[in-house]
Amino acid sequence: MSGKRLGIGFIGAGNISSAYLRAITGHETMAGFPVLDIRGLADMRPEASQARATEFGLSAMSIDEMLASPDIQLIVNLTIPRAHVEVGLRCLAAGKHVYSEKPLGINYTEGRQLLDAANRAGLRIGSAPDTFLGGSHQQARSVVDSGALGQLVGGTAFFQCPGHESWHPDPAFYYDIGGGPVLDMGPYYITELVNLLGPVARVSAMSSRLRAQRPVTSEPRKGEIMDVRIDTHVTGALGFANGAIVQVGLSFDVAAHKHVPLELYGTEASLIVPDPNFFGGDVELRKRGKGEDWTPVPVTQPYADGNYRSLGVADMAHGILDSRPHRANGDLALHVLEVMEAFETASRDGRTIDIKTPVARPEPLASSLRNGVLG
């Protein structure tokens, strides 16, 4: 690994910023990512960036100061989804690489605009989620790559919950344009599936929006009524270029269920993959045949024992410094965004949607590891 460091800044000091900063700085049990040199935090609300900066012993600055700083080469964009592309374009115009929280944009057209602007400027785009780089997901990837499943047949992917209004302090954006279960949680599941199976070729779907309004039950907005402007229960199928077909369920309307997050099926074995919203979890394999049972797959890959949110930023920084591709990249995020938009189009039009954005499976993280640490 290069011993160099890359100056980074954060725009957006909301809930998720704490997870990024804890991972980078090595709070709790994690070793941190020393390649990332945090030069400042900014937010449209100066009091928010100052509070977060004080919490972590960092410097707060205005967005204009951050964009003008020659010490910052990469900006991590943690604004709300509807602002991702607008803020990203400002960063690119200032000559900064951009790593965005998911989704890349709220529709394919604006996501394409962001990538085109980066390509013209010779700059890089990165995007969450980076959980597919976690140890358990890389372990599952190694099982798939070993051929142990045989010919890949398909799988299932389920995220279904009652909604976020029972815990999030300001949940209205989850039910506004740019929110919903597909754009909110779909990036984790679809990115993981591309990591495991390769690109998606086609999408079919049906969806519903059974409630026009929903009450907030969390503090401090308990009792407020939210308008619902997006579909909240979506089901469909992804057809992959390799021939596999995966059934998908994404919902903010389900009281409870017993589906595991991800299963993959092959002609010789099936694989249980842990929740793609986390870096770790149990991986299990069951081979075909009588008497066979689910067997734990030992997780020997790193980054399975904590919340390493910013692993993708660290990999991107190393890629910039070492002139190699990074994995949680703009092409991957745009492909996933096209797939997510296709759920809406397929449901609305009652037809199967062909996916046109090309993407390569990200390289396994192990090819950039030395001594087990991307530090």
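Residues numbered from 1 in each chain as written. Predicted model: local features only at pLDDT ≥ 70, side-chain atom pairs only at ≥ 80, totals over all residues. Heavy atoms only, no water.

Student: For the overall build of the chain, give the residues involved together with the corresponding values.
Tutor: Within the chain, the secondary structure is distributed over 9 helices and 16 strands. The C-alpha radius of gyration computed for the chain amounts to 20 Å, which stays within 12% of the reference 21 Å derived for 375 residues, consistent with globular compactness. Counting only C-alpha atoms, the chain reaches 65 × 50 × 40 Å along its principal axes. The buried share among the 375 residues of the chain stands at 57%. Within the chain, residue pairs in contact and separated by at least 24 positions form 73% of the contacts whose partners lie at least 6 positions apart. A total accessible area of about 15900 Å² is found for the chain, and carbon and sulfur atoms account for 51% of it. Averaging the positions of the 34 positive and the 41 negative side-chain charges in the chain gives two centres separated by 3 Å. (Helix = DSSP H or I, 4+ residues; strand = E, 2+ residues; numbered from the N terminus. Rg over C-alpha atoms; globule rule 2.2 N^0.38 Å. Buried < 20%, exposed > 50% of the residue type's maximum accessible area, 1.4 Å probe, protein only. Contact = heavy atoms within 4.5 Å. Areas by Shrake-Rupley, 256 points an atom, 1.4 Å probe, with all protein chains shown as cover. Lys, Arg positive; Asp, Glu negative; His and termini not counted. Charge placed at Lys NZ, Arg CZ, Asp CG, Glu CD.)

Student: Which residues make up the pattern of salt bridges, and what values do they have?
Tutor: Applying the stated rule across the entire model yields 24 salt bridges. Between Arg-229 and Asp-227 there is a salt bridge, with its nearest N and O atoms 3.6 Å apart. Across the pair Arg-324 and Asp-315 runs a salt bridge, and its minimum N-O distance is 2.9 Å. The residues Arg-324 and Asp-315 share a single accessibility class, namely buried. If you follow the salt bridges from partner to partner, you end up with Arg-5, Asp-37, Arg-39 and Asp-71 in one network. (Salt bridge = Lys/Arg side-chain N within 4 Å of Asp/Glu carboxyl O.)

Student: Account for the side chain of His-164, naming residues and giving values.
Tutor: Mapped onto the fold, His-164 is located in the loop between strand 6 (152-160) and helix 7 (180-197). Setting aside residues no more than four positions away along its own chain, His-164 makes contact with Phe-159, Pro-171, Tyr-174, Tyr-175, Asp-184 and Phe-252.

Student: Describe the environment of Arg-202, naming the residues involved and giving the relevant values.
Tutor: When you line up the elements, Arg-202 lands in strand 7 (residues 200-208). Residues Arg-202 and Gly-243, spaced 41 residues apart in sequence, show a C-alpha to C-alpha distance of 10 Å.

Student: Can you tell me about the packing of helix 6 (residues 135-146) against helix 7, naming the residues and giving the values?
Tutor: The N-to-C vectors of helix 6 and helix 7 enclose an angle of 35 degrees; their axes lie 9 Å apart at closest approach. Contact residues: helix 6 offers His-137, Gln-138, Ala-140, Arg-141 and Val-144, while helix 7 offers Glu-192, Asn-195 and Leu-196. A breakdown of the residues in the contact of helix 6 with helix 7 according to their chemical character gives 3 nonpolar, 3 polar and 2 charged. (Axes fitted to C-alpha atoms, helices over the stretch in contact; angles between N-to-C directions. Nonpolar A, V, L, I, M, F, W, Y, C, P; charged D, E, K, R; others polar.)

Student: So what's going on with the packing of aromatic side chains? Which residues, and what values?
Tutor: Under the criterion given, the structure shown has 9 aromatic pairs. Plain terms: the ring middles of Phe-10 and Tyr-20 are 6.2 Å apart, the flat faces sit at 75 degrees to each other, and that makes the pair edge-to-face. Here Phe-10 is found in strand 1 (residues 6-11), whereas its partner Tyr-20 is found in helix 1 (residues 15-25), with 10 residues between them in sequence. Taken as a pair, Phe-10 and Tyr-20 share a single burial class, namely buried. (Phe/Tyr/Trp six-rings, centres within 6.5 Å; stacked < 30°, edge-to-face > 60°.)

Student: Describe helix 9 (residues 330-349), naming the residues involved and giving the relevant values.
Tutor: The first and last C-alpha atoms of helix 9 sit 28 Å apart over 20 residues, in line with the 28 Å expected at 1.5 Å per residue. Put simply, Asn-329 is the residue that caps the front of helix 9, since its side-chain oxygen is 3.2 Å from the backbone nitrogen of Asp-331. (Expected span 1.5 Å × (residues − 1). Polar contact = N/O pair within 3.5 Å; in protein donor to acceptor, adjacent residues only side chain to side chain.)

Student: Lay out the packing of helix 5 (residues 108-121) against helix 9 in plain terms, naming residues and giving numbers.
Tutor: Between helix 5 and helix 9, the shortest axis-to-axis distance is 9 Å and the interhelical angle comes to 170 degrees. One finds that helix 5 runs roughly antiparallel with respect to helix 9. Every residue of helix 9 that contacts helix 5 at Tyr-108, Gly-111, Arg-112 and Leu-115 is listed here: Gly-330, Asp-331, Leu-334, Leu-337, Glu-338 and Glu-341. (Parallel < 35°, antiparallel > 145°, perpendicular 65-115°, else oblique.)

Student: Pulling in residues and values, what's your account of the nonpolar core?
Tutor: Taken as a class, soluble globular proteins show a tendency for nonpolar side chains to be buried jointly. Membership of the largest hydrophobic core comes to 110 residues, with the highest contact counts inside it found for Phe-10, Leu-36, Tyr-99, Leu-193, Leu-238, Leu-271 and Phe-343. In contact with Leu-238, other than residues within four places in its own chain, are Ile-190, Leu-193, Val-200, Arg-202, Val-203, Ala-244, Ile-245, Val-246, Val-248, Val-339 and Phe-343. (Core = buried A, V, L, I, M, F, W, Y, C linked by side-chain atoms within 4.5 Å.)

Student: Let's hear about the sheet that holds strand 15 (residues 295-296): which residues, and what values?
Tutor: Within a sheet, neighbouring strands are paired by backbone hydrogen bonds and run either parallel or antiparallel to one another. What the 9 strands build is an open sheet, ordered 15-14-13-12-6-11-10-7-16; its pairing is mixed. Unpaired on one side and paired on the other, strand 15 and strand 16 (353-354) mark the two borders of the sheet. Relative to strand 12 (residues 262-266), strand 6 is paired through 5 bridges, and the arrangement is antiparallel. Residue pairing in the sheet places Gly-155 in a bridge with Leu-264 of strand 12. (Pairing = 2+ DSSP bridges.)

Student: So what's going on with the pairing of strand 7? Which residues, and what values?
Tutor: Note that strand 7 and strand 10 (residues 233-240) share 8 bridges and pair antiparallel. Residue pairing across strands places Arg-202 opposite Gly-239, the latter belonging to strand 10.

Student: Can you explain empty space enclosed by the protein? Please cite residues and give values.
Tutor: Tallied over the entire structure, the rule returns 2 cavities of 30 Å³ or more. If you add up the space inside the largest cavity, you get close to 70 Å³. Around the largest cavity, the lining residues are Pro-103, Leu-104, Ser-127, Ala-128, Pro-129, Pro-187, Thr-191, Leu-332, Ala-333, Val-336, Leu-337 and Met-340. Listing elements by their share of the lining of the largest cavity, those giving two or more residues are helix 7 and helix 9. When residues of the lining of the largest cavity are assigned to their parent elements, the largest contribution, 5 residues, is made by helix 9. Taken together, the residues that form the lining of the largest cavity break down as 10 nonpolar, 2 polar and no charged. Quantified by volume, the second largest cavity comes out at close to 40 Å³. (1 Å grid on protein atoms, 1.4 Å probe; cavity = no way out; pocket = protein on both sides within 12 Å on 5 of 7 lines; lining within 4 Å. Points joined across faces, edges and corners; volume = space filled by probe spheres on them.)

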